[in-house]
Amino acid sequence: MELDLTVPLRSFALELSLETGAETLALVGPSGAGKTTLLRAIAGLVRPSRGRISAGGETWFDSEAGIDLPPEERSVGLVFQDYALFPHLSVEENVRFGARGPVEDALERLGIGALAGTRPRELSGGERQRVALARAFAREPKVLLLDEPLAALDAPMRTGVRSYLRGLLRELGLPTLLVTHDYADAVALAGRVGVLVDGRLVQLGTPKELLTAPATTFVADLVGGNLLFGRAERREDGLTEVELDDGTRVLSTDEGSGDVALLVYPWEITLAHTAGDDSSRNHVHGTVEELVALGNRVRVRVGPLTAEVTAASAERLGLRVGEPVVASFKATGARVLGSR
Amino acid sequence: MRRGFDLLLAVAGTLALGFLLLPLLALFLRVPPGTLVSELGSRVVRDALVVSLETSAIAHAFILAVGTPVAYLLATKRFPGREALIGAIDLPLVLPPAVAGIALLAAFGSRGLLGGTLSAFGFTVAFTQTAVVLAVIFVASPFYLRQAIASFQSVDPDLLAAARTLGAGPLRTFRRVALPLAAPGLAVGSSLAFARGLGEFGATIMFAGSLRGYTQTLPLAIYGQLDQDFDAAIAIGALLVLVSVAILVAVKLLPSWSSISPFRFAPSRSS
C-alpha cells in the first residue's frame, strides 16, 4: 500500500507519506493525532484534500487524476475501535455481510463457529473483536486496517488478546496497518512502528531503531526513556555538562549546547545507598517515591528518574518508599536529544 | 403543613384526571352500548368509515414512501438549507388547521397558484378525495418525519460506515442497516401520523368539503350528524376513541418490541 495524502483536521492537517508491504505496521500517537482519520481516509470514509492512495496495484484515490473510489469499491477490511458490529444481525450474518465467498473458513479461523447464531450484544469484548476481525477477513481485503484493536478490552484481557492477535495477524498474512495510542501494543503486534504526532509522521522504524535513536523527545518518552531538561555546555575534557532545571549537573558523552533534553533509559540506571566507586559519572540523590513490581523487575521512581532493577536487587537493597537512595548512570547512558 | 401539601397534590391530580376522562366516559355512557353498535351500522357512518380508511391509507402510503427517504437524508447528510428544511417540517404542527385549509385552497384550488395548471391538464383537486388525502398528508406528515429523523439519527454512523467498507453501496446500507435499526422508531412515528391523519378535521372541511360518501371522513361525519342524529355522532366519537386508545397502547408497547424488528430482511449473499 502506498499513501501520500493531506487531510485537513480541526486545528492541523494530517500530512503523511507511507509505503507498506506485506507486513504489520503500527502507527502510535496520542489521541487527536489523526490516527483514526488516516484509516478512514484509506477506507474512503474521509476525503483527503490532496494526495494518492493505492493498494495491491489499484489506485483508490488520486487528487490529480480525479480518482476517488467510494468505500464499497475499495478492498479494505476496517476493524472499528468499538467493532461496529450490526446489532440486528447474528454473528454469521455479520460475517457474511461483506463476504466474497463462504464464511465457514473465516468463522473457523477466528474460533467463533459456535457463536454463529448469537447476536453481538450477548458476546464478550474479546468475542466481539473476533467477529469484527472475521467480518473484515471474510471480505478478502487487500489491506487490513485496525483502529485501536485492544482499546475496547479490559486490562486483564489485553495481554492474552495481544499475543493471540499477533499470532493471528501473522497467520492471516494480510498487509496490515494498525493505529494505537499504546506503544506496548504497537511493539507487540507490529514489525515496524511509526510515531504520529499532530498529523505528521515523526519517525518510522523497527522498535529497536526507535529505542536506540529516537528522533524527538516525544518518541523517547513514548518508548519509555527518562527525559531530563536543562542547559548544556561543552567542557574542556570533551564531555557535555548539562545543568538540569533543579540544579543537578549531569555529564554526557554526546555533544550539545543550549536548552536540551537528556534521555536516560531506566535499565541504564543503577541504585545504591551511597554514591559508589564505579565508572558512573552521574549521581542523583533522592528518596524512593514509588515502587512498582513488574514480574521479575521493579520500577523505582527517584526524583525525576525512573530506574528499572531486578526484583532480587530491590530485595537486597531493601528499597522502601521514603528512604534515601542514589541513582547513578554513566555519561554514555545520557543521550542529548537537542533542543526541547 | 406537609399533610396540607400532599392533600393539594392529590386534589390537583384528581381534578386533572377527572377532567381528561369525564368527556370520554360521557361518550360511552350517554347512549346504551347496543345503540352505539347499531348506529355504527348506519349508512352515514359506514360511508364515512370507508372514506376515512381509503384516504388515510393512501395518505399514509405517501407519507411513508416519501417521508422515509427524506428523513434519512436529513438525518445523515449535511447540506445547505438543511436546517431550514427541518424547521419547515414543524410548521404544520403549529399552524392552525383552518390556515392549513385556506393555504391548500390557495395553492391547489381552481383559482389557486397551481389550480390553473392542474385544470389545464384536466385535474380538479379542491373538494375531491384527492383534497382529503392532501390535507391529511399536510397535517400528519410532520408527526412521522420528526420521529423518523430522530430514529435515523440514533443509528450509530459507524455502523453505516462499516456497511460501506464491507462493500454495501448507499442503497444496500440503507436497506440492510439503517432501516432495520430505525424500524421501531419509524413504527412509532407511523402510528402517531396515522392517528393524527384519521382525526383531521379543520383543513379537510375547508379544502375538501363534507360530501357524504365522497369527502366526508369520520370526524366530518360527527360534525355533520350533530343536529341530525346525535346518537350517530356519539357512536362515531366512541369508535375514534377506541382507535386512538389502540394506537396509544401500540406506541407505548413498541419500544419493548424493538428486538423483534418488523423490517427484518433475509440476509443476501453478495457474489
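## Brief notes about the overall build of chain A
Across its full length, chain A holds nine helices and 21 strands. C-alpha atoms of chain A, sized along the principal axes, occupy 70 × 50 × 30 Å. Per-residue burial for chain A yields a buried fraction of 40% across its 340 residues.

## Some points on the overall build of chain B
Secondary structure assignment for chain B yields 12 helices and zero strands. Summarising its shape, the C-alpha atoms of chain B cover approximately 70 × 65 × 40 Å along the three principal directions. Residues classed as buried in chain B amount to 37% of the 271 residues present. Of all intrachain contacts in chain B linking residues separated by at least 6 positions in sequence, the fraction that spans at least 24 positions is 78%.

## Points about the nonpolar core
With 160 residues, the main nonpolar core has Ala134(A), Leu145(A), Ala135(B) and Ile236(B) as its most contacted residues. If we skip the residues at most four places from it in the chain, Ile236(B) touches Val45(B), Ala48(B), Leu218(B), Ala221(B) and Ile222(B).

## A short note on the interface of chain B and chain A
The interface of chain B with chain A comprises 17 residues on the first partner and 17 residues on the second. For the side of chain B that touches chain A, the secondary structure elements donating two or more residues are α8 (157-165) and α9 (170-198) of chain B. Broken down by element, the residue count for the side of chain B that touches chain A peaks at six residues, all from α8(B). Of the residues contributing to the side of chain B that touches chain A, the split by class is nine nonpolar, four polar and four charged.

## Side note on the packing of helix α3 (residues 43-76) of chain B against helix α12 (residues 230-253) of chain B
All names here are of chain B. Where α3 meets α12, the axes come as close as 10 Å, and the angle between the chain directions of the two elements is 35°. Crossing of α3 against α12: the hand is right-handed. Residues Val 44, Val 45 and Ala 48 of α3 form the contact with α12, whose own contacting residues are Ala 232, Ala 235 and Ile 236. When grouped by side-chain class, the residues that make up the contact of α3 with α12 number six nonpolar, no polar and no charged.

## Some thoughts on the environment of Met206(B)
Residues and elements named next belong to chain B. Relative to the assigned elements, Met 206 resides in helix α10 (residues 202-207). With 22 C-beta atoms counted inside 10 Å, the residue Met 206 sits in the buried group. Met 206 sits 83 residues away from Phe 123 along the chain, and the two C-alpha atoms are 19 Å apart. In this view, Met 206 contacts Ala 98, Gly 101, Ile 102 and Leu 105; residues no more than four positions away in its chain are not counted.

## Some remarks on the packing of α3(B) against helix α7 (residues 129-153) of chain B
The contact between α3(B) and α7(B) brings their axes to 7 Å, and the two run at 35°. Of the two elements, α3(B) crosses α7(B), and the hand of that crossing is right-handed.

## So, the environment of Leu165(A)
Residues and elements named next belong to chain A. Looking at the element boundaries, Leu 165 is found in helix α5 (residues 155-172). Distance in space between the C-alpha atoms of Leu 165 and Leu 115 is 19 Å, their sequence separation being 50 residues. Those residues within four positions of Leu 165 in sequence are excluded, and the remaining contacts are Pro 149 and Leu 189.

## Focus on the sheet that holds strand β19 (residues 305-310) of chain A
In any sheet, the strands associate via hydrogen bonds between backbone groups, in a parallel or an antiparallel arrangement. Residue and element names in this part refer to chain A. Taking strand neighbours across the sheet as the criterion, the five strands line up as β16-β20-β17-β18-β19 in an open arrangement whose pairing is antiparallel. Every other strand in the sheet has two partners, leaving β16 (270-272) and β19 as the edge strands with one partner each. When the angles between neighbouring strand axes are averaged without regard to direction, this sheet yields 45°. Bridge count for strand β17 (residues 282-294) against strand β20 (residues 324-329) is six bridges, and the pairing is antiparallel. By the bridge assignment, Asn 282 is partnered in β20 with Phe 329.

## Observations regarding the confidence of the model for chain A
Summing up the model confidence of chain A, the mean pLDDT is 90 and the portion of residues at 70 or higher is 99%. Across chain A, the secondary-structure element scoring lowest on mean pLDDT is α5(A), at 81, and the one scoring highest is helix α2 (residues 91-97) of chain A, at 97.

## Some thoughts on the sheet that holds strand β12 (residues 226-234) of chain A
Residues and elements named next belong to chain A. In spatial order, the strands read β14-β13-β12-β15-β21; together these five strands make up an open sheet with antiparallel pairing. Across the chains shown, the open sheet's two edge strands, defined by having one partner strand only, are β14 (249-252) and β21 (335-336). Of the pairings in the sheet, the one linking strand β13 (residues 240-244) to β14 comprises four bridges and is antiparallel in character. The residue of β14 that forms the bridge with Thr 240 is Ser 252.

## A look at the pairing of strand β7 (residues 76-79) of chain A
Successive residues of a regular strand alternate their side chains across the two faces of the sheet. Residue and element names in this part refer to chain A. Every second residue of β7 is oriented toward a common face, with Val 76 and Leu 78 on one face and Gly 77 and Val 79 on the other, all of them buried. As paired elements, β7 and strand β8 (residues 143-147) share four bridges and run parallel to each other. Its bridge partner being in β8, Val 79 is matched across the sheet by Leu 146.

Definitions and cut-offs
Residues numbered from 1 in each chain as written. Chains lettered and ligands numbered in written order. Predicted model: local features only at pLDDT ≥ 70, side-chain atom pairs only at ≥ 80, totals over all residues. Helix = DSSP H or I, 4+ residues; strand = E, 2+ residues; numbered from the N terminus. Buried ≥ 20, exposed ≤ 12 C-beta atoms within 10 Å, placed from the backbone. Contact = placed C-beta atoms within 7 Å. Core = buried A, V, L, I, M, F, W, Y, C linked by C-beta atoms within 7 Å. Nonpolar A, V, L, I, M, F, W, Y, C, P; charged D, E, K, R; others polar. Axes fitted to C-alpha atoms, helices over the stretch in contact; angles between N-to-C directions. Left-handed = near helix turned anticlockwise from the far one by under 90°. Pairing = 2+ DSSP bridges. pLDDT = per-residue confidence, 0-100.

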